[in-house]
Amino acid sequence: MVASGVVKGQIISGKFGEILARQKSDSAFELGEIVIAEDAEKKVFLQVYDIEYSSQVSQQNLELISGLALEEDAAMEFMDKNLRNYKLAFLKPLITVWKKDAKNSVLSKSLPEIFSTLRTVEREDLSFLTRPAHALCLGNLRSGSHTLNVPIYLDGPAVLTHHVLITGTTGKGKSVLMSNLLWDITGKSYASLLVLDPHDEYYGRNHAIGLKDHPSGKVAYYTARDVPTGARSLKINLATLRPQHFGCLDFSDAQEQAMNAFYKEYGAKWVESIILEKPVKVAFNDATINVLKRRLLYLLDLDFSANQLFCNGVFDITAGENTVKTICEELEKTSTVIIDTSNFSGQVELLIGSLIASELFARYRHYKRDGTIAQKPVASIVLEEAPRVLGKEVLEKGGNIFSSIAREGRKFNVGLVAITQLPSLIPREILANMNTKIILGTEMAGERQAIIDSASQDLSTDSRNIAALDKGECLISSNFSRFAIPIKVPFFETLAAQDIASAKSAASKEKRAFPGVQFTQE
Amino acid sequence: MKFAHMADCHIGSWRDPQLRELSSEAFKTAIAQCIEEKVDFLLIAGDLFHTAIPGIEHIRSAVKELKRLKDAGIPVYIIAGSHDYSPSGKTMIDVLEEAGLVLNVVKGSIVDGKLHLKLFTDKKTGVKIAGMLGKRGTLEKQFYESLDKESLEKEKGFKIFLFHSAITELMPKELTSIGASELSYLPKGFDYYAGGHVHIVKEYTGKDYKNVIYPGPLFPDSFAELEKLGNGGFYIYDNGKLIRKEVLIKKTAALVIDAEHKSPEEVEEMIAAKIHDRQFTDTIVLLRIAGRLKTGKVSDINFRELFRKINAQGAFFILKNTHKLLAQEFEEIKIEEKSIAELEDALVREHLGQAKITGVDTDKEFLLAKKLIAAFETEKHEGEKVYEYEDRVRKAGDKILEL
């Protein structure tokens, strides 16, 4: 099929990466817009990264004309004004598609002919965008502010194992984008997601649409407050805690040594032993043990009275023996697991996250060793406000499980989806390991620069474009795409509502009966 | 207020008649304790019987004990469990209820598509009691999904909820393979949750759920349970105080033998050393032998002679567990004891590649097999006709095979 498209302008000069085009008078270039320069053999996709005014009239005369209009109220009309005044767009080449092999695309290495006409991109031009077997849908292709009905897919397992960074200023759509990704991946056989949700926004409590409504039903939700029917009370048995899980918290060396000594002596009962002040072979300063005891009581929400331990929160001596194991098993069965951490302190959230992530990573390392990793889905951990665990300040004090996953998780099919509005706080080597960056509107120049410096494609001319991204508009730079793709994130409610409606219609046909219940007259 | 809570009596369990009789005896002992303790009422949280239609001699002994309770003015509130439930309603619990010996509290109505359970009020104490039956394969979860919890939660007074389900959050490490439901399915704010189904002894109190109790079986019904629990028991709630009453029927003696790299003769010697000079009067002897023999076969171990000696020392019964005892010759055994799912995966993998299908590699074949197994495991829905069920399963198979 031959794509038609609307003529937007014409190439007039420039050099590679800085192509200059004149805009046609009845059209308007937009930042981020994709246009096509076409000849008999190929289509070159170009993207606008800057726009400026230009005129055949000298600057002095333009200023005079403006003065006459403003000061003398004398309206001046140009002869052939569309020829004399116009706009110039700066474009960079994205990709070249050869017409004889429209499914194949290559990075542009030559310039289109001078005076090539530039036209709008149309759906038919995009047949080279293929859908991988395990497709991860990110949204629809966007050209400037115009959204095309062309879904953009990346290879899900590759993207997730090589970590994802989602960045953008508050209000630009990070949560909607994440909700869409969770919705898309949930129920798929290639991946599972562990979501540490400090804002409790993804499950959809209180009648809001959320993952609880996902037709696959493959969502496990753990919460410690007002547990909705079908959700799980977040309970973690004290016996599952190990001293190394506290590594991402700021315990002193002496306190860490004391924890290890108690663990060595009392095994699974080490926390209780510290609190109950049981003897330990290694001598520790009383103050160290007292502070450690006080910190553990506070952190784990425990009370101690009459030589007995009382559990008030998540950490328990009776319940939750299998919680961490069950979460890992659910992830291995491609479920999405959401942990509501909204009512925890940052430290408790990190402890829980660290505990689960350590167990999950250990299991996947084991699968790699025994050669069964190919049978497991990619496990991806969603981290909101990522600098809390991946920030420079935190990592200067020592690594943690999340930085280990960031560095070597891809070898074991474990990935991170790090969300932040402050990517500059994350060390460059970790940012560089995030091989897919989903960039939403970012006004702060320093943050934009941090992303640009670590992007998979050359985004050196895209700073202005990134600053101008509106709510729901984003740019995807990935090792798994040929060029940085502009997309529009669909509204989560719209996306989910369609799936929910079709699932409900199927469910309404199911009969419900309650055999074994004796029915009585009220 | 004082009441007793028992579950998983499994009257009629065990294949061996001698052990089977003990389940009835345990029930008899527990009932005697209830009468002696002068409880106001008794709760039985499922699986009174091992089957929906038990043998006549077990019905007879249970009825006799329930009659004693009735005569003592102690009402019995009961629910059906996964063993004594029957979708057709042909269960012995209904017969006992007709005879006025028990009250099955799983009663209610459908209001706006929701299952509205009735709360029964105990006349003497004013305690309100409701319950949900247990079904095999955690199928009662569907009932909980439709349960009108709000109507139960807003009711005032001292409330008890009977349930016969495994609760995910309370499962011990060794029982993760059991299907379980989330705690949040239970109505909140009751004063006592009388649990059954999982043979563990557990007391749990959390924010919205107070006194969630699993009393364990009245008499252990497997080798592992006898080994772990020794004997059964039940709970008495006495004005806020929880007391676990042991039901001592027989003593148990667990003998564990590590046969790794031993000859059959050496194993015999180890067992002989363990039983030497011991009295097993009225005791169930549990003999667990594990490991890989260095020579010979498992059958080379002269168990007959060893058992004769143990019996001579007064044993009531000898149970032997040699699941993990292997001979050298059986090195080719490829599958060790794992969970059912793992075992299934291992078996499927072992047989991959036998059917040659163009375009289907072994990975795809594995996935196809797993999907088909899952599709064929689908149970018939309540109220679904057989032909509808068959058609649904067939279509699911066709879809998987892309036919």
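Residues numbered from 1 in each chain as written. Chains lettered and ligands numbered in written order. Predicted model: local features only at pLDDT ≥ 70, side-chain atom pairs only at ≥ 80, totals over all residues. Heavy atoms only, no water.

Colleague: Where do I start with the overall build of chain B in this structure?
Modeller: Check the secondary structure of chain B and you find 11 helices and 18 strands. If you line up chain B on its principal axes, its C-alpha atoms span 70 × 70 × 40 Å. Here chain B holds 403 residues, and the buried ones make up 49% of them. Considering only intrachain contacts with a sequence separation of at least 6, the fraction spanning at least 24 residues in chain B is 70%. Carbon together with sulfur atoms contributes 52% to the accessible area of chain B, which is approximately 19,500 Å² in total. Once the 60 positive and 65 negative side-chain charges of chain B are each reduced to a mean point, those two points are 4 Å apart. (Helix = DSSP H or I, 4+ residues; strand = E, 2+ residues; numbered from the N terminus. Buried < 20%, exposed > 50% of the residue type's maximum accessible area, 1.4 Å probe, protein only. Contact = heavy atoms within 4.5 Å. Areas by Shrake-Rupley, 256 points an atom, 1.4 Å probe, with all protein chains shown as cover. Lys, Arg positive; Asp, Glu negative; His and termini not counted. Charge placed at Lys NZ, Arg CZ, Asp CG, Glu CD.)

Colleague: Teacher, can you tell me more about the packing of helix α8 (residues 323–332) of chain A against helix α9 (residues 346–369) of chain A here?
Modeller: Residue and element names in this part refer to chain A. Taken N-terminus to C-terminus, the directions of α8 and α9 make an angle of 55°; their axes are 10 Å apart at the nearest point. Comparing their axes, α9 and α8 come out oblique. Here the hand of the crossing between α8 and α9 comes out right-handed. Together, Val324, Lys325, Ile327, Cys328, Glu329, Leu331 and Glu332 of α8 and Leu355, Ile356, Glu359, Leu360, Arg363, Tyr364 and Tyr367 of α9 make up the contact between the two elements. Residues of the contact of α8 with α9, tallied by class, amount to nine nonpolar, no polar and five charged. (Axes fitted to C-alpha atoms, helices over the stretch in contact; angles between N-to-C directions. Parallel < 35°, antiparallel > 145°, perpendicular 65-115°, else oblique. Left-handed = near helix turned anticlockwise from the far one by under 90°. Nonpolar A, V, L, I, M, F, W, Y, C, P; charged D, E, K, R; others polar.)

Colleague: Quick question: what am I supposed to make of the sheet that holds strand β24 (residues 518–519) of chain A here?
Modeller: Neighbouring strands of a sheet are bound in pairs by backbone hydrogen bonds; such pairs are parallel or else antiparallel. Here we have three strands laid out as an open sheet, ordered β24(A)-β5(B)-β6(B), and mixed in their pairing. Of all the strands in the sheet, just β24 of chain A together with β6 (114–117) of chain B have a single pairing partner and so form its edges. Where strand β5 (residues 107–111) of chain B meets β6 of chain B, four bridges bridge the pair, whose relative direction is antiparallel. Of the residues in β6 of chain B, the one forming a bridge with Gly108 of chain B is Leu117 of chain B. (Pairing = 2+ DSSP bridges.)

Colleague: Is there a simple way to think about the interface of chain A and chain B in this case?
Modeller: Quite often, the size of an interface is put as the accessible area lost when its parts meet. At the junction of the two partners, chain A supplies 29 residues and chain B supplies 41 residues. In total, chain A and chain B occlude about 3,200 Å² of area from one another, counting both sides; carbon and sulfur atoms represent 49% of this. On the chain A side of the contact with chain B, Phe514, Pro515 and Gln518 of chain A bury the most area, a combined 19% of that side's loss. At the surface where chain A touches chain B, the tally comes to three salt bridges. Across the salt bridge formed by Asp226 of chain A and Lys188 of chain B, the nearest N and O atoms sit 3.1 Å from each other. (Buried area = accessible area lost by both parts, 1.4 Å probe. Salt bridge = Lys/Arg side-chain N within 4 Å of Asp/Glu carboxyl O.)

Colleague: Before we go on, may I ask you to explain a nonpolar patch on the surface in this structure?
Modeller: Residue and element names in this part refer to chain A. A cluster of nonpolar side chains, namely Leu422, Leu425 and Met444, defines an oily patch on the protein surface of about 220 Å² accessible area. Structurally, the position occupied by Leu422 is in the loop between β20 (414–420) and α13 (428–433). Accessibility expressed as a relative area gives 31% for Leu422, which makes it partly exposed. (Patch = residues over 30% accessible without salt bridge, like charges linked within 9 Å, V, L, I, M, F, W, Y side chains within 5 Å.)

Colleague: I would appreciate a short explanation of the pattern of salt bridges in the present structure.
Modeller: Pairing of side chains with opposite charge becomes possible as their charged atoms draw close. Residues and elements named next belong to chain A. Summed over all chains, the structure comprises 47 salt bridges over all chains. A salt bridge links Arg232 to Glu330, with the shortest nitrogen-to-oxygen separation between them at 2.2 Å. Placement of the pair is Arg232 in strand β13 (residues 232–233) and Glu330 in helix α8, with a sequence separation of 98 residues. In this structure Arg232 comes out as buried when scored by relative accessible area, which is 11%. Assessed through its relative accessible area of 11%, Glu330 is described here as buried.

Colleague: Help me out: how do you make sense of the sheet that holds strand β10 (residues 192–196) of chain B in this one?
Modeller: Residues and elements named next belong to chain B. Strand order in the open sheet made by the six strands is β7-β8-β9-β10-β12-β11, with mixed pairing throughout. At either end of the open sheet lies a strand with only one pairing partner, and these are β7 (120–121) and β11 (201–204). By the bridge criterion, two bridges tie β10 to strand β12 (residues 212–215) in an arrangement that is parallel. Following the sheet pairing, Ala194 is matched in β12 by Ile213.

Colleague: Before we go on, may I ask you to explain the side chain of Lys250 of chain B in this structure?
Modeller: Residues and elements named next belong to chain B. Tracing the backbone through its elements, the reader meets Lys250 in the loop between β14 (241–247) and β15 (251–258). In this structure the side chain of Lys250 is engaged in a polar contact, spanning 2.8 Å, whose partner is the side chain of Asp282. Not counting residues within four places of it along the chain, the set of residues in contact with Lys250 comprises Leu22, Asp282, Ile284 and Phe316. (Polar contact = N/O pair within 3.5 Å; in protein donor to acceptor, adjacent residues only side chain to side chain.)

Colleague: Which parts of the structure should I look at to understand the domain arrangement of chain A?
Modeller: Residues and elements named next belong to chain A. Along its sequence, chain A is carved into domain 1 (7–128), domain 2 (146–235 + 320–420 + 427–436 + 447–466) and domain 3 (239–316). The C-alpha-based centres of domain 2 and domain 3 are spaced at 30 Å. Counting residues at the interface gives 14 residues for domain 2 and 14 residues for domain 3. Buried surface at the junction of domain 2 and domain 3, summed over both partners, amounts to about 1,400 Å²; 70% is from carbon and sulfur atoms. Of all residues in domain 2, Gln347, Leu351 and Leu355 give up the largest surface area on contact with domain 3, accounting jointly for 42% of the area buried on that side. Taken together, the connections running from domain 2 to domain 3 amount to one salt bridge. (Domains from an automatic or database assignment.)

Colleague: What should I look at first to understand the packing of aromatic side chains in this one?
Modeller: Note on aromatic pairs: each is described by the distance of the centres and the angle between the planes. Tallied over the entire structure, the rule returns 21 aromatic pairs over all chains. Each ring, one from Phe3 of chain B and one from Tyr237 of chain B, has its centre 4.8 Å from the other, and the planes form 15°; the classification is stacked. One end of the pair, Phe3 of chain B, is in strand β1 (residues 2–6); the other, Tyr237 of chain B, is in strand β13 (residues 232–238), with 234 residues separating them in the sequence. Take Phe3 of chain B and Tyr237 of chain B: they sit in the same class, and that class is buried. Judged by centre distance (5.7 Å) and plane angle (85°), the ring pair of Phe161 of chain B and Phe190 of chain B falls under edge-to-face. Of the two residues, Phe161 of chain B is situated in strand β9 (residues 159–164) and Phe190 of chain B in the loop between β9 and β10; the sequence distance between them amounts to 29 residues. Note on accessibility: Phe161 of chain B and Phe190 of chain B belong to one class, buried. Clustering of aromatic rings is evident, with ring pairs tying together Phe3, Phe41, Tyr77, Phe158, Tyr192 and Tyr237 of chain B. For Arg365 of chain A, the ring lying beneath its charged end belongs to Phe412 of chain A, and the centroid distance is 4.8 Å. (Phe/Tyr/Trp six-rings, centres within 6.5 Å; stacked < 30°, edge-to-face > 60°. Lys NZ or Arg CZ within 6 Å of the ring centre and 35° of its normal.)

Colleague: Is there a simple way to explain the pairing of strand β3 (residues 76–79) of chain B in this structure?
Modeller: The side chains of a regular strand alternate, residue by residue, between the two faces of the sheet. All names here are of chain B. The alternating pattern of β3 places Val76 and Ile78 on one face and Tyr77 and Ile79 on the opposite face, and all of these are buried. Two elements, strand β2 (residues 41–45) and β3, share four bridges in a ladder whose sense is parallel. Within β3, the residue paired with Leu42 across the bridge is Val76. Tracing the backbone out of β2, into helix α2 (residues 56–71) and back to the parallel element β3 gives a crossover that is right-handed. In this structure, β3 lies alongside strand β4 (residues 103–104), joined through two bridges in parallel fashion. Paired with Tyr77 across the bridge in β4 is Leu103. (Right-handed = clockwise from strand over helix to strand, strands pointing away.)

Colleague: Explain the domain arrangement of chain B to me, please; I cannot follow it from the model alone.
Modeller: Residues and elements named next belong to chain B. According to the domain assignment, chain B consists of domain 1 (2–247), domain 2 (251–332) and domain 3 (344–400). Distance from the C-alpha centre of domain 1 to the C-alpha centre of domain 2: 37 Å. Contacts between the two partners involve 11 residues from domain 1 and, on the opposite side, 12 residues from domain 2. If you sort the residues of domain 1 by the area they bury against domain 2, Gln18, Phe223 and Glu227 come out on top, with a joint share of 56%.

Colleague: Just to check I follow, could you spell out the nonpolar core for this structure?
Modeller: Inside soluble globular proteins, nonpolar side chains tend to come together where they are buried. Counting 93 residues, the largest nonpolar core has Met6, Phe27, Leu42, Leu43, Leu48, Ile160 and Phe161 of chain B as its most contacted members. With seven residues, the single largest contributor to this core is helix α1 (residues 17–37) of chain B. Two domains each donate at least three residues to this core, and these are domain 1 (2–247) and domain 2 (251–332) of chain B. Residues within four places of Phe161 of chain B in sequence aside, it is in contact with Leu117, Ala130, Gly131, Met132, Tyr144, Leu152, Leu186, Pro187, Phe190, Tyr192, Tyr193 and Ala194 of chain B. Core analysis: the next-biggest nonpolar cluster, separate from the first, contains 72 residues, Cys248, Leu297, Val389 and Phe412 of chain A among them. (Core = buried A, V, L, I, M, F, W, Y, C linked by side-chain atoms within 4.5 Å.)

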